[in-house]
Amino acid sequence: MDILDKRAGKIINKLTDIIAQTEELKLDNGTTPRAVRQWKKDVRTKYLSLVEDKEKLTREVKRRQDDLERESEQRQTELEEKRQQLHERRMAELRERQEEHERVEDRGENDQLDVHREFKENIVHDINGRYEVKVPWIPGTQLSETNETQSRLRLKRVEKKLEQDECLRKDYEKIIIDQVAAGIIEKAPDTPTGERVFYMPHKPVIKQDAITTKTRMVFDASAKPQPISSSVNEC
């Protein structure tokens, strides 16, 4: 609309110049001043609507510019508020993490005794003759949020890598089958049942100079859903 307004202004200026030049020519050709004035009046009456339209267009352009400026200022204000809220939330999370670390660092002999007591209370002997015990969590720590999405993304990358190497895929599948058969790993339930849930990413690591096992499954207990979140290693 700004371009249209400028073009309309140029047209009106051009018409004004043409009228002035024509007026001079008429006077030079002997037309009476009275007749020239009447002619100018008639011409201006004819293009008066154009002038009015141009003025309306100018007002509309000004209104649109004001609206855009207000919208831009509002968006900038909202963006700044969101940035401030995000900053405050991150600072609060960092303070909470710092407090957790301080509590962990303050653990002494009593906490170690608590862990040992919890270990003894939870150890069981299953029907297959194997001992089982709950994970000894560090007192005062917790997994604040799930890492399922990040873990699934990493699993997709592993699957893509395996698709590109048939031998590696077979070796990795055999590792999984053997570990399931040995009871080292098991199929996870569709719905988590524990108080703390962590999806531990894994990947194949190849060591060509190994004498026996060239491919190993390596788990990442340090994985975090967010940089300021806790991992299993920290809990």
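Conventions used here
Residues numbered from 1 in each chain as written. Predicted model: local features only at pLDDT ≥ 70, side-chain atom pairs only at ≥ 80, totals over all residues. Heavy atoms only, no water. Helix = DSSP H or I, 4+ residues; strand = E, 2+ residues; numbered from the N terminus. Axes fitted to C-alpha atoms, helices over the stretch in contact; angles between N-to-C directions. Parallel < 35°, antiparallel > 145°, perpendicular 65-115°, else oblique. Contact = heavy atoms within 4.5 Å. Expected span 1.5 Å × (residues − 1). Buried < 20%, exposed > 50% of the residue type's maximum accessible area, 1.4 Å probe, protein only. Arc of directions from axis to C-beta. pLDDT = per-residue confidence, 0-100. Patch = residues over 30% accessible without salt bridge, like charges linked within 9 Å, V, L, I, M, F, W, Y side chains within 5 Å. Areas by Shrake-Rupley, 256 points an atom, 1.4 Å probe, with all protein chains shown as cover. Salt bridge = Lys/Arg side-chain N within 4 Å of Asp/Glu carboxyl O.

With respect to the helices, strands and loops of the structure, leucine 162 is situated in helix H5 (residues 148–163). Counting along the chain gives 42 residues from leucine 162 to proline 204, while the straight-line C-alpha distance between them is 9.0 Å.

Orientation of H5 relative to helix H6 (residues 166–181), taken along the N-to-C sense of each, is 125°, at an axis distance of 6 Å. By the criterion of interaxial angle, the relationship of H5 to H6 is oblique. Across the interface between the two elements, Val158, Lys161 and Leu162 from H5 touch Glu166, Leu168, Arg169 and Tyr172 from H6.

This next bit is on H5. Given a rise of 1.5 Å per residue, 16 residues ought to cover 22 Å, and the 22 Å separating the end C-alpha atoms of H5 matches this to within 8%. Taken together, the buried positions of H5 are occupied by Ser151, Val158 and Leu162. Along the axis of H5, the buried positions cluster into a sector of 40°, meaning they face one direction only. For H5, exposure combined with an orientation more than 90 degrees from the buried face picks out Thr149, Lys156, Arg157, Lys160 and Glu163. The inward-facing, buried residues of H5 abut H6 and strand S3 (202–206).

Mapped onto the secondary structure, lysine 161 falls in helix H5. With 43 residues separating them in the primary sequence, lysine 161 and proline 204 have C-alpha atoms 9.5 Å apart.

Further remarks concern the confidence of the model for the chain. Averaged over every residue, the pLDDT of the chain is 75; the share at 70 or more is 69%. Within the chain, the element-level pLDDT minimum falls on helix H1 (residues 2–28), averaging 57, and the maximum on H6, averaging 90.

For the rest of this paragraph, the subject is a nonpolar patch on the surface. A cluster of nonpolar residues, Phe119, Ile123, Tyr131 and Val133, forms a patch on the protein surface that exposes about 400 Å² of accessible area. Looking at the element boundaries, isoleucine 123 is found in the loop between helix H4 (109–122) and strand S1 (124–125).

We now examine the pattern of salt bridges. Opposite charge on two side chains allows them to pair when their charged atoms are near. A full pass over the atoms with the stated rule returns six salt bridges. Of the charged contacts in the structure, one is a salt bridge between glutamate 166 and arginine 169, with a shortest N-O distance of 2.3 Å. Highlighted residues: glutamate 166 and arginine 169, both in helix H6, separated by three residues, approximately one helical turn. A salt bridge links aspartate 190 to lysine 187, with the nearest nitrogen and oxygen atoms 3.8 Å apart. Comparing aspartate 190 with lysine 187, the two get one shared label, exposed. Among the charged side chains, a salt-bridge network with shared partners connects Glu166, Arg169 and Glu173.

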